[in-house]
Amino acid sequence: MPDIKYVCLSDMHLGAENSLLTKLSLDGLKKDFTAPSPVLVSLVESIRTFISSNQNSTKKPTLILLGDILELALAETQEAGMVFDQFVDLILPDGKELFEDVFYIPGNHDHHLWEIARESQYIKYIERKEDKKELPEMWHTTNIFIENDLFPTRCDFMTAIVQKKDHLKKRMIKVAYPNFGILSEDSKKAVILHHGHFLEDIYLLMSTMNTTIFPNQKMPEMIWDIEKENFAWIDFFWSAMGRSGNAGKGVELIYDKMTDEKKFAELLQNIAKKIVESMKAKETEEASSIWKKIMLFLIRLIPGRSLVKIVYGILQMTLGFIAKQERSDSNDSLSDEMKNKLVSYLDVTLFKQLLAEKEENAPKEIQFVFGHTHKPFAETFANSKSYVRPVDLVNTGGWVVDTVERKSTCGGAVILIDEDLNIAPVQIYKEAYSGNEEKLGILPGAQSNPLVTKIRELISKNTEDFDSFSKLADREIELRIVNLKAKINA
């Protein structure tokens, strides 16, 4: 029976207070970096159990980190780095390393690490280039299939943390962005992994604004054009703002209150009042700019209460739009809007990248693995028409508690892939269960295959250990709810 060759994790958000993988104090009110989170320790032990079923124990699998691994939007860089360091100690202990290679595909919350990586890649390219008079444009993406690249792009930050350990001096964390592919030997089949942020409109905001302001412009279809137009926005708001000193703490507060509709509305109302008060305080100042002239005109024309309503409405259209992300939709695995975006991404953007890279040898059958939504699921997606058969979708879920009320759609999964590209998506935990639902097992909707059968048997033989993990996760979820309530009510 084929061995597990790849293990995929996503949306770990290391360093975030609401991440189950960042340790909290016993009261749940602050971070504790003195030791790894109990859930992080148990997660790695579960992965070790899965890998132990491999017949060839000398050939270690590859770890794929599928975005939002480090929390750079709502945590300080050093905090995320310290938790990642704990993770490295667990997965790569001296003499008992779980993985041979580690590939990292940045998401929106750790997008800044891609910016560092691509700039470093470009510098190294220039250093190798003999003729430096004519330089190409800096690349915004990598190829999909990079496993055997001679000069892989690496994540300098993660690699620095790994290499500070004596037994890992030659290891590096290799980067693909935004798509990473695993190809079958005959090149007819592939597993494509993408964090998932480009399946939501908010991450295409600059392209949308461009086409709105300039009607003759079209939405980009090629992945490098999509990233080129939107990277600065993604980096600014989703991978940098939370680390911007005191202003960043304000952003984090807004982000937390977004999870509670009533509290978020109250916050926007208060912000609107403060803005109007600030405008009125400057009413007597000389209007030295167009912006101030507009503000003074509005103050004199519109009554105060009405002006607050207008500002509140503007905030609802901006911050309110950002708040309504896919993970806040708890009704189904995917909203209708995201299903439509998924069709476009698979049939146009991804398909064109596959053709550009592989030409006539582009795989005709794909399985698509993504995260981002924090809602793990597996299903066959018949809407896509560019491939020879429907696309098998697998979502990794995530490891954060986003709301004070538990959602049955939210949880985390470990994605296992064998040498024949069979996928076994293992649901490790959920926030809430219904009836006699299994606490840990293969995701409902996953395709039957030899690897799924093998992992089901393994889980049944280790029921006691996995039950202990479920109880631990349940206690840690409650701690994050306590933490989130404290911040929302602050």
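You'll find the structure just up there.
Note that the structure is a prediction, hence the values are computed from the model and not measured. (Residues numbered from 1 in each chain as written. Predicted model: local features only at pLDDT ≥ 70, side-chain atom pairs only at ≥ 80, totals over all residues. Heavy atoms only, no water.)

1. Some remarks on the overall build of the protein
Here is step 1: Of the regular secondary structure elements, the protein holds 13 helices and twelve strands.
Here is step 2: Scored against the burial criterion, the 490 residues of the protein give a buried share of 53%.
Here is step 3: Considering only contacts within the protein whose residues lie at least 6 apart along the sequence, 73% involve residues at least 24 apart. (Helix = DSSP H or I, 4+ residues; strand = E, 2+ residues; numbered from the N terminus. Buried < 20%, exposed > 50% of the residue type's maximum accessible area, 1.4 Å probe, protein only. Contact = heavy atoms within 4.5 Å.)

2. Looking at the nonpolar core
Here is step 1: Within the largest apolar cluster, 115 residues are counted, with the highest numbers of intra-cluster contacts made by Phe87, Phe368 and Ile455.
Here is step 2: Setting aside chain neighbours within four positions, we find Phe87 in contact with Leu9, Met12, Leu14, Leu40, Val44, Leu63 and Leu65. (Core = buried A, V, L, I, M, F, W, Y, C linked by side-chain atoms within 4.5 Å.)

3. Some details on helix α4 (residues 156-163)
Here is step 1: Among all positions of α4, only Met158, Thr159, Ile161 and Val162 are buried. Down the axis of α4, the buried set is contained in an arc of 160°. They therefore lie on one face. (Arc of directions from axis to C-beta.)

4. Observations regarding the sheet that holds strand β1 (residues 4-9)
Sheet strands pair by backbone hydrogen bonding; their relative direction is either parallel or antiparallel.
Here is step 1: The seven strands are arranged β4-β3-β2-β1-β10-β11-β12 in an open sheet whose pairing can be described as mixed. Two strands lie at the open edges of the sheet, namely β4 (173-175) and β12 (441-442), each paired on one side alone.
Here is step 2: Sheet analysis places β1 next to strand β2 (residues 62-65), joined by four bridges and oriented parallel. Looking at β2, one finds that Cys8 is bridged to Ile64.
Here is step 3: Along the sheet, helix α1 (residues 38-51) contacts β1, β10 (411-418) and β11 (423-430); its crossing angle with β1, the most-contacted strand, is approximately 160°. (Pairing = 2+ DSSP bridges. Axes fitted to C-alpha atoms, helices over the stretch in contact; angles between N-to-C directions.)

5. Some points on the side chain of Gln86
Here is step 1: Along the chain, the position of Gln86 falls in helix α2 (residues 77-91).
Here is step 2: Looking at Gln86, its side chain comes within polar contact range of the main-chain oxygen of Ala35, at 3.4 Å.
Here is step 3: Excluding anything up to four places from it in sequence, Gln86 contacts Phe33, Ala35, Pro36 and Ser37. (Polar contact = N/O pair within 3.5 Å; in protein donor to acceptor, adjacent residues only side chain to side chain.)

6. Focus: the side chain of Thr403
Here is step 1: Mapping Thr403 onto the fold places it in the loop between β9 (391-395) and β10.
Here is step 2: Engagement of the side chain of Thr403 in a polar contact is seen with the backbone oxygen of Glu405, the distance being 2.7 Å.

7. Details of the sheet that holds strand β5 (residues 179-183)
Here is step 1: Strand order in the open sheet formed by five strands is β5-β6-β7-β9-β8, with mixed pairing between adjacent strands. The open sheet has two edge strands, β5 and β8 (377-381), and neither has a second partner. Sheet twist, expressed as the mean angle between neighbouring strand axes with direction ignored, is 20°.
Here is step 2: Of the pairings in the sheet, the one linking strand β6 (residues 189-194) to strand β7 (residues 365-370) comprises six bridges and is parallel in character. Pairing of Leu193 across the sheet is with Val369, part of β7.
Here is step 3: Those strands touched by helix α11 (residues 336-358) are β5, β6, β7, β8 and β9, and its axis lies near 120° from that of β7.

8. Remarks on the packing of α2 against α4
Here is step 1: One way to put it is that α2 packs onto α4 with a least axis distance of 10 Å and a crossing angle of 50°. As far as their axial angle goes, α4 and α2 are oblique. When the axes of α2 and α4 are compared, the crossing they make is right-handed. Contacts from Thr77, Gly81, Phe84, Asp85 and Val88 of α2 reach α4 at Phe157, Met158, Ile161 and Val162. (Parallel < 35°, antiparallel > 145°, perpendicular 65-115°, else oblique. Left-handed = near helix turned anticlockwise from the far one by under 90°.)

9. A closer look at unusual backbone geometry
Here is step 1: Across the junction of Tyr177 and Pro178, the peptide omega takes the value -10°, indicating a cis bond.
Here is step 2: As for its placement among the helices and strands, Pro178 is situated in the loop between β4 and β5.
Here is step 3: Despite not being glycine, His13 shows a phi value in the positive range, around 50°.
Here is step 4: For His13, the position within the fold is in the loop between β1 and α1.
Here is step 5: Assessed through its relative accessible area of 2%, His13 is described here as buried.
Here is step 6: The residue Leu421 is not glycine, and still its phi comes out positive at about 65°.
Here is step 7: You can see Leu421 is positioned in the loop between β10 and β11.

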